[in-house]
Structures are given as structure tokens and as C-alpha cells.
Amino acid sequence: MSDQPLLRVTDLKTYFPVKSGGLFRRSLGQVKAVDGVSFDVNAGETLGLVGESGCGKSTTGRSILRLIDPTGGRIELDGVDVTDLSKKELVPFRRTAQMIFQDPYNALNPRHTVGSIISGPFQVQKVDPPGGVRAAVQELMERVGLNPEHYNRYPSEFSGGQRQRIGIARAIALRPKLIVCDEPVSALDVSIQAQIVNLLKDLQEDFGISYLFVAHDLSVVRQISQRVAVMYLGHIVELASRDVLYSRPLHPYTHALLSAIPLPDPDRQKQREQITLNGDLPSPMNPPSGCVFHTRCFRAQDRCKVEIPELVEVAPGHVLACHFPMTDVVIGTRIEGPNSGLVEMPHRDVEAPSEVIADMAEEGLGGPVTADYVGDPDRD
Amino acid sequence: MSDSTRAFLDVRDLTVSFPTEGGLVHAVEGVSFSIERGETLAIVGESGSGKSVSAQAIMGLINRKAGHISGEVWLNGQNIVAMSDDDVRKLRGSEMAMIFQDPMSSLHPFYKIGAQLSEAVRVHQKVSKADAKAQAIDMLGRVGIPDPKSRADTYPHQLSGGMRQRVMIAMALINSPSLLIADEPTTALDVTVQAQILELIASLQSEFDTAVVLITHDLGIVADVADDVAVMYGGRLVERANVDDIFYRAQMPYTLGLLSSVPRLDQVTSDRLDPIPGNPPSPINLPPGCVFQPRCSYSHLVGGTTCEMQRPELLQINADHFVRCHLDEAERVRISTEVTHVFHGGQA
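Parameters at a glance
Residues numbered from 1 in each chain as written. Chains lettered and ligands numbered in written order. Predicted model: local features only at pLDDT ≥ 70, side-chain atom pairs only at ≥ 80, totals over all residues. Heavy atoms only, no water. Helix = DSSP H or I, 4+ residues; strand = E, 2+ residues; numbered from the N terminus. Buried < 20%, exposed > 50% of the residue type's maximum accessible area, 1.4 Å probe, protein only. Contact = heavy atoms within 4.5 Å. Areas by Shrake-Rupley, 256 points an atom, 1.4 Å probe, with all protein chains shown as cover. Polar contact = N/O pair within 3.5 Å; in protein donor to acceptor, adjacent residues only side chain to side chain. Expected span 1.5 Å × (residues − 1). Buried area = accessible area lost by both parts, 1.4 Å probe. Salt bridge = Lys/Arg side-chain N within 4 Å of Asp/Glu carboxyl O. Nonpolar A, V, L, I, M, F, W, Y, C, P; charged D, E, K, R; others polar. Phe/Tyr/Trp six-rings, centres within 6.5 Å; stacked < 30°, edge-to-face > 60°. Lys NZ or Arg CZ within 6 Å of the ring centre and 35° of its normal. Domains from an automatic or database assignment. Axes fitted to C-alpha atoms, helices over the stretch in contact; angles between N-to-C directions. Parallel < 35°, antiparallel > 145°, perpendicular 65-115°, else oblique.

**What to know about the overall build of chain A**
Each helix and strand in chain A was counted, giving twelve helices and twelve strands. Counting only residues that meet the buried cut, chain A has 54% of its 380 residues in that class. Within chain A, contacts between residues separated by at least 24 positions form 66% of all contacts whose residues are at least 6 apart in sequence. Carbon and sulfur atoms provide 49% of the accessible area of chain A, an area that totals close to 16400 Å².

**Considerations on the side chain of Asp266(B)**
You can see Asp266(B) is positioned in the loop between α11 (253–261) and α12 (306–309). In this structure the side chain of Asp266(B) is engaged in a polar contact, spanning 2.8 Å, whose partner is the side chain of Arg268(A). Of the polar contacts made by the side chain of Asp266(B), one reaches the side chain of Arg264(B); its length is 2.7 Å.

**What about helix α4 (residues 113–124) of chain B?**
Between its first and last C-alpha, α4(B) extends 18 Å over twelve residues, near the 16 Å set by a 1.5 Å rise per residue. Considering only its buried residues, α4(B) is in contact with α5 (129–142), α6 (148–151) and α7 (161–173) of chain B.

**Some remarks on the interface of chain B and chain A**
Listed per partner, the contact involves 45 residues of chain B and 47 residues of chain A. Both sides of the chain B and chain A interface together cover about 4000 Å² of buried area, and 52% of this is carbon and sulfur. Scanning the region where chain B abuts chain A turns up three salt bridges. Put simply, chain B and chain A have 19 residue pairs in polar contact (both at pLDDT 80 or more) between them. Listing elements by their share of the side of chain B that touches chain A, those giving two or more residues are α8 (191–208), α9 (219–225), α10 (243–249) and α11 of chain B. Ranked by residue count, the leading element in the side of chain B that touches chain A is α8(B), at seven residues. Residue composition of the side of chain B that touches chain A, by class: 21 nonpolar, 14 polar and ten charged.

**So, the packing of aromatic side chains**
Both the distance between ring centres and the angle between the ring planes are used here to describe each pair of aromatic rings. Residue and element names in this part refer to chain B. One pass over the full model with this rule turns up six aromatic pairs over all chains. Positioned above the aromatic ring of Phe8 is the side chain of Arg37, whose terminal nitrogen or guanidinium carbon lies 5.5 Å from the ring centre. Over the face of the ring belonging to Phe343 we find Arg264, whose NZ or CZ atom lies 4.7 Å from the ring centre.

**Remarks on the domain arrangement of chain B**
All names here are of chain B. By the assigned domains, chain B splits into domain 1 (9–231) and domain 2 (252–343). Spacing between the C-alpha centres of domain 1 and domain 2 amounts to 30 Å. Together domain 1 and domain 2 conceal approximately 960 Å² of surface at their shared face, both sides included; 61% is due to carbon and sulfur atoms. If you sort the residues of domain 1 by the area they bury against domain 2, Glu46, Leu219 and Val231 come out on top, with a joint share of 45%. Inspection of the domain 1/domain 2 interface yields one salt bridge.

**Description of unusual backbone geometry**
Residue and element names in this part refer to chain B. Phi at Asp13 is positive, roughly 55 degrees, even though this residue is not glycine. When you line up the elements, Asp13 lands in strand β1 (residues 9–20). Among the residues examined, Asp13 registers a relative accessible area of 49% and is labelled partly exposed. The backbone of Ser176 shows a phi angle near 40 degrees, a positive value even though the residue is not glycine. Within the fold, Ser176 resides in the loop between α7 and β7 (179–183). The exposure class assigned to Ser176 is partly exposed, which follows from its relative accessible area of 39%.

**A word on the packing of helix α3 (residues 114–124) of chain A against helix α4 (residues 133–143) of chain A**
All names here are of chain A. Their axes nearest at 10 Å, the elements α3 and α4 cross at an angle of 110 degrees. Classified by the angle between their axes, α3 and α4 sit roughly perpendicular to one another. Across from Val114, Gly115, Ile118, Ser119 and Phe122 in α3, the residues of α4 making contact are Val133, Ala136, Val137, Leu140 and Met141. Residue classes in the contact of α3 with α4 are distributed as eight nonpolar, two polar and no charged.

**Some words on the domain arrangement of chain A**
Residue and element names in this part refer to chain A. Once the domains are mapped, chain A shows domain 1 (7–225) and domain 2 (249–362). Each side of the interface is counted separately: domain 1 has eleven residues, and domain 2 has eight residues. Both faces combined, the contact of domain 1 with domain 2 buries some 840 Å², and carbon together with sulfur accounts for 70% of it. Put simply, domain 1 and domain 2 have one salt bridge between them. For Arg296, the salt bridge identified is with Glu52, shortest N-O distance 3.5 Å. The interface formed by domain 1 and domain 2 includes two residue pairs in polar contact (both at pLDDT 80 or more). For the side of domain 1 that touches domain 2, the per-class residue count stands at five nonpolar, four polar and two charged.

Here it is as C-alpha cells:
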């Protein structure tokens, strides 16, 4: 049991039907919002799930909590398969898994007092906390940094950051093992963001909660996650431990995503090489053939247009779906041309992955491993 | 001062307040800055800091019946605050233009984008419809919209967010304004598209020699594109300097607090971020002294009730570095060195 991850997601698929607006609601096809996503979240760990809007990261989070019913695949939480639980059977599952929403203004009922909002989970689950509901709620309020005397106030009397604290208090009320955080800080001001990120970290330490942290802000994700998965158009394209992903990403998309974010440091920002991706995200109704990223990829070859890259483990804990990974480039350095130093992944070779990296290193393509985003030895 | 020595855009002691049922909202108080053509000034601040209201006042977009404006806004030698609404309207769209955060609500959903762009041309130039349309298509091409001729006949909802933002930029720049105000132009966009848009603004800026005022909360964007930075808090300008001074030698505790609050993409300096405690002040009920005092971790160093009771003046530290703080200079420099050292990767 202890070796098992808390959450195991296998080949998760969530498709939405698209229908015409006419009388007969003709089916026009489907949007493959999540298309075969697999990952684990361990106990007490934070897995960051990043990507641009429309990549399916929020749908993944909601499908795991069964707020949206997945089309296929399997979700196991704490050893229990929750994929096909009925609505009634889901009730006890909600004690184990909770959610924090992006918009603290819409996630709270404006006509309920803070006390009744936070005590909601106790009522739904018919839990009688020792010492009474009111005491338990006030303790929760204090724990998340709210004044317990504001028990009878309404959400409109609180600022955005305080409202997000209310949402967090509600989520931790039943001591869940997993919380899916869907962009929990993106609606907040910078100085308030930091307060909430710290609070989430403290709660994790105290209660051993696991987070699936869905966000588009890669800097915040780096601060809070142990491992990070990158999604593009319904697929995970790369998943690795935080430090590996941020310093030596192998997928061209991860690389482009990181280089597109300006650093709050004028000198470093000037030295950096930015890769600007062309175009927009393709329509998920009509995803490109082969590798879904090939239409915007600066390393795409003919093979990428036809052959779907498989997600393989290229190093322990580092999975990747790419035919031409960026093994030769340390992030922040210049990329010579679209084809320089291309190393092809072996054809459909799922068996012998970790040697691939070793071989590349032997050929001198590995380059220096720096843990720094910009390889500038003089700085520190 | 004569017009020849006045900066291209010179904002002097700008104050904007709105009477409301709850009391007078002091949205902006005594803000001054200037900017030359070809330069970029970033205005940084949190929600409610007055950064957007300042921009709207410069553009003459504040309804004079709803808000009180005082101070001076000199654009190319003309004081916008003293001008009639009609005269300001003539400048808006020709001499100065603005890009808003949300392109969907700033474009008319019922009109084709080509028609909206050519209208912008015909309002300010005496040209035929065909000429205006040709200019519109040319501009769409210049902002990187593929196949501009057929795209001109599409409606805003048929375009992606990034494309709509390009249309907005095209509309703002079609009369080659000399001042462009961009209010959070990329906040609604994905990072890869954000990079494209920032690049586009920069290249058009150098082509037209435009002065750009960029309003943002993203310090990464500031470091990337700004020449000068104005930091606003509670309706006041609390620090102003060139971009290097802000990131490496900032002295106002609020600016330093912002720097310590941002998680960095390129490094994790410590397990925990160092946020500014508390919440921003309500613009109706501003503290009597320094607006930042209730959240400031250093005001005890000043002693007494100076920070609580007295409004600090904007002090000039060097040619272009101003700071509004009661701390004495040695103390400010010490704190600044400490915080910026940690922010840029040093050990605490």
C-alpha cells in the first residue's frame, strides 16, 4: 500500500460532443479535451500541471474529481477505482479529494455567511466534528489566516485573497488526502499570491495533503511543485522532476514555453535567447496529425507529421513524447538552426529508454548540466 | 518652462478623485512622470493602485462629470487636462492611442474588423472609403495577421485571442500615434502569444518612434521592455527610476516587497516566498500618513508616529531615481542591498 501512489491516472480521456445549433442538434464531432493522459501523484506531493489555455489541464483536474465524467481511462485514488462510481457512491470519495477554484468571487455563494460556507462539507458528509461545528470552523478560519470573529460575515466583505482563504478552509475541512487546485492564485495580486502559495505549502506540511496544482504560471508552479507535467492539446508532452524540467527540458514545447516567460531581471533577460512560437493553438476539434505540436514546432521533421510520438521514460522519472528531443541544448543558450544536433528518438522503442540519454551524452550532445536557467557562471 | 525643454509626455501632479456614496475615492494623487518618444515607461502596481485611472486621465477618458481631475498632462506641448472634450477627441486615435486588456470587449462584435479599422482611419484622415480599407488591410498585415485581405472581412469572434489583440494593436497604431498606452495588453493571453505581442509592440514602436506607457503587474514584462518604471501604490507614485535601478537598487519598501513576493522561473531562492503582509488599502479610507505604512516591515526603524501621521515627500536620489519614504537614506540603501541580493539569487 505504501508503495502505491495516492492518485493514479491511466489513459484518461475526456471528450466533449460538439453539436450544431440547429433544430436537430446534429453531431459535428468532438473536442478531445483530454486524450490519453497518465500520471501518478504520490502522498504528500505536489504535481504541477501546466500548459496554455485549451490544453486540457483544467478538464483533467475536474475529470479526476468526477466533476466532469471522463470518456475513458481509469482514475484510482488511494487504491480505489473511482472512474465509474455513481453519484451516491461519490459522496464518501469527496472526503478524500477536494478542489480549490480559480475565481474566489464565483466559488462562494454570496448569500451564505463564511461560517455556513466553511461548514458545508460537515453538513454534506454528516460529520460531527468534536467540539461542535462552530468551533471547528473557527479553528479552520484561524488556520488559514482569517479572523474567526468574522464567522457571520458574507463573502462580499472580504478581499480577493481572503476569499481564496475561505475556499481553502472549506477544502481542508474534512482533511482530504488530495486537493486539486485549479489556478488558485492567478486571480490575485502578486503580493497576495505569495501569501496563498505559502499557506498551501504550510497546510501540506501539517496535514500531508497532496496537490494537483493546475496553473499556467510556470514561476508559481516551480515554487510549489516537486514534479511538473506539461500538457499540449490534450496530451502530456513531458513530465519530470521540477529541477530537471526547468533546467533541462527535452521537449521543444517545454523549452519554448519557458523561454517565452520574461525574467524579472533586466540583465539576465537581455542575455536570454527567446524562442517565439508562431501561430496559435490549433483547434482541439481538429488536432494536427502525428505529433500534435508539429504545426508550431521549430524542430519538426516529416516524421512528426505522420507518426504520433509515444510517451516514454527517457530517464528515471522523466517521461517525454517527442521524436526529436532537445538533448543538445541547455536552456537559455542559442539554438543554431532548426536542425542542428538533431538526435532522433529510436523508432517506437519503449524498451530501452534511459540508454538514449546516455548515448547522447557519449556523443557529446549532452552539454553541461547546469541547474540554472541562464548558464552564467559569473553570477551569484 | 518652455515647450522645447518639456518632455514629450509630461504628467505633473495628476490627481483624480471620484465622489461616491461611500465617500471621496482618491484614485490618483499627485502623480508626476515624463517620457520621450521612442521610450517605454512601465507603470507597475496592484489592483486599486491607480495605474489604470492615471492612463485613462492621460487619454482624456475620465468623464469630467464623474471624476475631478487636477494637475497637468502635457502631450507634445498641449495640456490635455485644460482642453475641451472635443479637442481631446481629435487627439485620441491620432496623436495618442490605447490598447486595452480584453480585446473582445473593445472590438465591436457586429462589425467586420476591416470596417472597424477603416472607420478609425476615416475619423482622423480625409480619405476615400477604398483608401481607408486599403490602409486597414495594410496595417493588419503589418501586425502579423496572415492573409489580411480576407481576414478584414471577418468578425471579432472568428479570431483567436492573440489575433484579436493584434487587431486592437492595428487599430491603435493605424494613424501612427506618437503616444501609445497599453493597459495590461497581454494579461489575457498565453505566454507564447504574449511573447509575440510584446515583440510586435516593440518593433512597431521603433518603426513609428512611439512613446509607450505600459501598464502591467508582471515584473518579468517590465524587465523585458521598460526603460523607466513608475511604481504605484494606493493612488500614489511611490518610486520611479530607470529599469536597472528598480530591479537592482530599489529603495522603497513596497517595491522591495514586490520583488520578494515574485516566485522566479529561473531559480528557487528559498522554500518560502516572502510576501507583503496584509491587504492593499481601500481608496476611500487611505491611511493618513504613508499609504504603505500598515503593511511596511520597516516603519519601526523610523520611530515615533512619523510614518503613521505624515505623508512622505517624493525624494530625489539621483538624476532619475525618486522615492517616497520616511526612512533615512543609509537605512534604505542597507535594506535595498539585502533584499535585491536575495532576489537575484544570493543567500539570505
